[in-house]
Amino acid sequence: MSYKEGMLREDALKGKTILVTGGGTGLGKSMGLYFLKLGANLVITSRKLDVLGATAKEMESETGGKVLALSCDVREIEQVEKMWADALAHYGKIDVVLNNAAGNFISPTERLSTNAFNTVLDIVLKGTSNVTLTAGKSWIQSKQAGTFLNIVTTYAWTGSGYVVPSAAAKAGVLAMTRSLAVEWAKYKIRSNAIAPGPFPTEGAWSRLLPGDLVKKFDPAKKVPVGRVGDHQELANLAAYLVSDFSAYVNGEVITIDGGEWLMGAGEFNNLDMIPQEMWDMMEASRGKKG
Ligand code: NAP
């Protein structure tokens, strides 16, 4: 057995239709592909229909499953409502929404224009609330059970310099996840979140850390388990959280980061850099005093 293998049994998502925002690339694509392998029908949506179309074709030929590609900018409520109506018309029902679409810039905050700051807030926070409100109202009105899974980050609660709009927006998404987990449970709607640590994708790495930067700030070096995440590990967790096996998990955020954020948080964690000889000396000097 390896963490690179699928974990759930083959029919775990059979009969479910799952909508993935940002499902044409990166982590959304990997999670969507695994949902398909587990028997789900899929809707993938983002702005670039050509990318979505190519991904849908690739996914269908790999799994034999059904993938509907719909273009939609999550910042625009009219587009979200149309996308939802088209997806419903196609499949008859949608059971799960994976809010995964996001945008981000790495920059000193004072260098960001108001427009750049707002763009990230709009995609991440407003985009998630647009999709959540549209799906939630539809589920409540049709008395259908539903499941939300929102992709956040660990700096949703620690905060982080240089990605301030993203941190602010993801914190909002986390608050929304926990709030609706309580408010909408009476409608049989569950809400959970995943906070991934570093997982290699074009969007998160090549664009955020271009050129040599990714080598200089090698994300694996900040992870206690000594490596970055494998997409299948995230897909396994996501599949569990959207499946009925997790029916009693509600309002939770699950971190999957190899211990990365705690390593930065623990006051003495960087003492890893002290060599054994120095520990020996310190122990010896304590022994003398005692
Ligand atoms: P990615 O490939 O760039 O994914 C982002 C997706 O969002 C793209 O498919 C993009 O498609 C879509 N998108 C952007 N703006 C949109 C808009 N206005 N409307 C609709 N869709 C939009 O990057 P990723 O690394 O897979 O990120 C996926 C999620 O994981 C994000 O929520 C990210 O914050 C989170 N995350 C990733 C990491 C990591 O290490 N990779 C770590 C922590 C959290 P279009 O361009 O076609 O619109």
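Let us look at the structure shown here. (Residues numbered from 1 in each chain as written. Predicted model: local features only at pLDDT ≥ 70, side-chain atom pairs only at ≥ 80, totals over all residues. Heavy atoms only, no water.)

## Brief notes about the pattern of salt bridges
Point 1. Considering all chains together, one arrives at nine salt bridges under this definition.
Point 2. The partner of D86 in a salt bridge is K82, with the nearest N and O atoms 2.7 Å apart. With D86 and K82 both in helix 3 (residues 77-91) and four residues apart, this pair spans about one turn of that helix.
Point 3. Judged by its relative accessible area of 29%, D86 is partly exposed.
Point 4. Accessibility expressed as a relative area gives 53% for K82, which makes it exposed.
Point 5. When the shortest N-O distance is used, the salt bridge between D95 and K93 registers 2.8 Å. (Salt bridge = Lys/Arg side-chain N within 4 Å of Asp/Glu carboxyl O. Helix = DSSP H or I, 4+ residues; strand = E, 2+ residues; numbered from the N terminus. Buried < 20%, exposed > 50% of the residue type's maximum accessible area, 1.4 Å probe, protein only.)

## Quick look at the sheet that holds strand 3 (residues 67-71)
Sheets are built from strands paired through backbone hydrogen bonds, the pairs being either parallel or antiparallel.
Point 1. Pairing in this open sheet of seven strands is parallel, and the strands run 3-2-1-4-5-6-7 from one edge to the other. The open sheet terminates on both sides in strands that have one partner only, identified here as strand 3 and strand 7 (253-256). With strand direction ignored, the average angle separating the axes of adjacent strands in the sheet is 20 degrees.
Point 2. Strands in contact with helix 6 (residues 164-183) are strand 5 (146-151), strand 6 (189-196) and strand 7; relative to strand 6, the strand with the most contacts, it is inclined by about 150 degrees. (Pairing = 2+ DSSP bridges. Axes fitted to C-alpha atoms, helices over the stretch in contact; angles between N-to-C directions. Contact = heavy atoms within 4.5 Å.)

## Comments concerning helix 9 (residues 231-242)
Point 1. Here helix 9 is twelve residues long and its end C-alpha atoms lie 16 Å apart, about the 16 Å a rise of 1.5 Å per residue gives.
Point 2. Taken across its twelve residues, helix 9 has ten buried, putting it largely inside the fold.
Point 3. Residues of helix 9 that are buried: Q232, E233, L234, A235, N236, L237, A238, A239, L241 and V242.
Point 4. Near the N-terminus of helix 9, the side chain that reaches the backbone nitrogen of Q232, with its oxygen 3.0 Å away, is that of D230. (Expected span 1.5 Å × (residues − 1). Polar contact = N/O pair within 3.5 Å; in protein donor to acceptor, adjacent residues only side chain to side chain.)

## Examining the site of the ligand
Point 1. Around the ligand, the surrounding shell holds 28 residues, and the nearest of these are T25, L27, S46, R47 and T201.
Point 2. Here an oxygen atom of the ligand sits 3.4 Å away from a polar atom, N or O, in the main chain of G22.
Point 3. In the complex, the protein chains occlude 90% of the 880 Å² of accessible area that the ligand would expose alone.
Point 4. Within the residue set of the shell around the ligand, elements represented by two or more residues are helix 1 (26-37) and helix 7 (202-206). (Near = heavy atom within 4 Å. Areas by Shrake-Rupley, 256 points an atom, 1.4 Å probe, with all protein chains shown as cover.)

## Topic: the pairing of strand 1 (residues 17-21)
Point 1. Burial within strand 1 is extensive, with five of its five residues counted as buried.
Point 2. The alternating pattern of strand 1 places T17, L19 and T21 and I18 and V20 on opposite faces, both of which are buried.
Point 3. In this view, the connection linking strand 1 to its parallel neighbour strand 2 (residues 41-46) by way of helix 1 has right-handed handedness.
Point 4. Sheet analysis places strand 1 next to strand 4 (residues 96-99), joined by three bridges and oriented parallel. (Right-handed = clockwise from strand over helix to strand, strands pointing away.)

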